[in-house]
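Each chain, written out:
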Amino acid sequence: MSENSLNLCLVGAAAGGMALGWHIRHHGVSGRLLKLMDFPGELYMRMLECLAMPVVTSSIVAGLGSVDILLAGNIGLIAMLYFVVATADEAPFTTVSESRANVLGLLSVSVMLGAVLSVTVSESDALLNLFVGLSNATVTVSHLTAWFSPVGVFFLVATRLTQVKDMDRAYGAVRSFFHVILAGLAAYGLGLLPVLYVLATRQDPRHFLRVTLAPAMKAFRSASRTVSVPGTIEALEELASLEPRIVRFVIPVGANVSMSGTALVAAATAVVLARLDGLEVGLEELLIIG
């Protein structure tokens, strides 16, 4: 089934979850049944968390171990320079991780192991092939997890809706939050990034945007950078024809170091919560938050 079919399933799951949650709010069910309904959604969230470690480690080790160490150093230097510049204003938010995993530790160990395998490639072929195979396997696992997402979304929406006390107030907050996030992501993804792409490559960015649309939608619907890594790698290798060894090194690192989306969500959350508490957020406060 296509990516569009999955998106339609997710929309239907969200709508169905809202309908079920609304029905439960008005007619009620037992606490035991609510706990059972909460299980698929919780299982889905745990599946997303469990993907973090194999995706990050296998991709970085496989990518870095397959390139010359000098080339890897140049790639890493350029990539890290961009990440530092792009995330310079996001430092207050980088302490909040989307999972319980020690992502920074995983990155460090993976880079060191990949560098060692790159130097000792003749003696480490078997180990390197293991990580390459694991990296390819995570793509398949990610696809399977994505097709479970409609079930998880359905039960997450239904159970969370039953826990809301003031529906009108919550609806207004969610609507404001959603509008702010969409506007911010559109400005960043459709404005700033294409401009940087044109400046760096002197090419039309529309093809690149089409290639990365599906991984971006996967990250958006799962609220997880890590889950989108296998799909992004696959799209850049097969559709954009980029060098696989470079892609498998840069993308996992960028997904866990670059915090542009995290900073946007954190800032939008602060504004919405302030307004929910009746606080006026003026231009000065917006500049401080942003």
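Whatever comes next refers back to the structure up there.
Here the structure is a predicted model, which is why all the values come from computation and not from measurement.

A. Up close: unusual backbone geometry. Backbone geometry places Arg 202, a non-glycine residue, at a positive phi of 60 degrees. Tracing the backbone through its elements, the reader meets Arg 202 in the loop between helix H7 (167–201) and helix H8 (206–222). Taking relative accessible area as the criterion, Arg 202 reaches 68% and is therefore assigned exposed.

B. Inspection of the packing of aromatic side chains at higher detail. The final tally for this structure, using the stated rule, is three aromatic pairs. For the ring pair Tyr 197 and Phe 208, a centre distance of 4.9 Å and an interplane angle of 20 degrees mean the geometry is stacked. Of the two residues, Tyr 197 is situated in helix H7 and Phe 208 in helix H8; the sequence distance between them amounts to 11 residues.

C. Summary view of a nonpolar patch on the surface. Together, Leu 192, Leu 193, Val 195, Leu 196 and Leu 199 make up a nonpolar patch on the protein surface, roughly 400 Å² of accessible area in all. With respect to the element layout, Leu 196 can be found in helix H7.

D. Main features of the environment of Thr 145. Within the secondary structure layout, Thr 145 lies in helix H6 (residues 125–162). Under the relative-accessibility criterion, Thr 145 is labelled buried at 6%. C-alpha of Thr 145 to C-alpha of Tyr 44: the two residues are 101 residues apart in sequence and 8.0 Å apart in space. When sequence neighbours within four positions are dropped, the list of residues in contact with Thr 145 reads Tyr 44, Met 47, Leu 48 and Leu 51.

Conventions we followed
- Residues numbered from 1 in each chain as written.
- Predicted model: local features only at pLDDT ≥ 70, side-chain atom pairs only at ≥ 80, totals over all residues.
- Heavy atoms only, no water.
- Helix = DSSP H or I, 4+ residues; strand = E, 2+ residues; numbered from the N terminus.
- Buried < 20%, exposed > 50% of the residue type's maximum accessible area, 1.4 Å probe, protein only.
- Phe/Tyr/Trp six-rings, centres within 6.5 Å; stacked < 30°, edge-to-face > 60°.
- Patch = residues over 30% accessible without salt bridge, like charges linked within 9 Å, V, L, I, M, F, W, Y side chains within 5 Å.
- Areas by Shrake-Rupley, 256 points an atom, 1.4 Å probe, with all protein chains shown as cover.
- Salt bridge = Lys/Arg side-chain N within 4 Å of Asp/Glu carboxyl O.
- Contact = heavy atoms within 4.5 Å.

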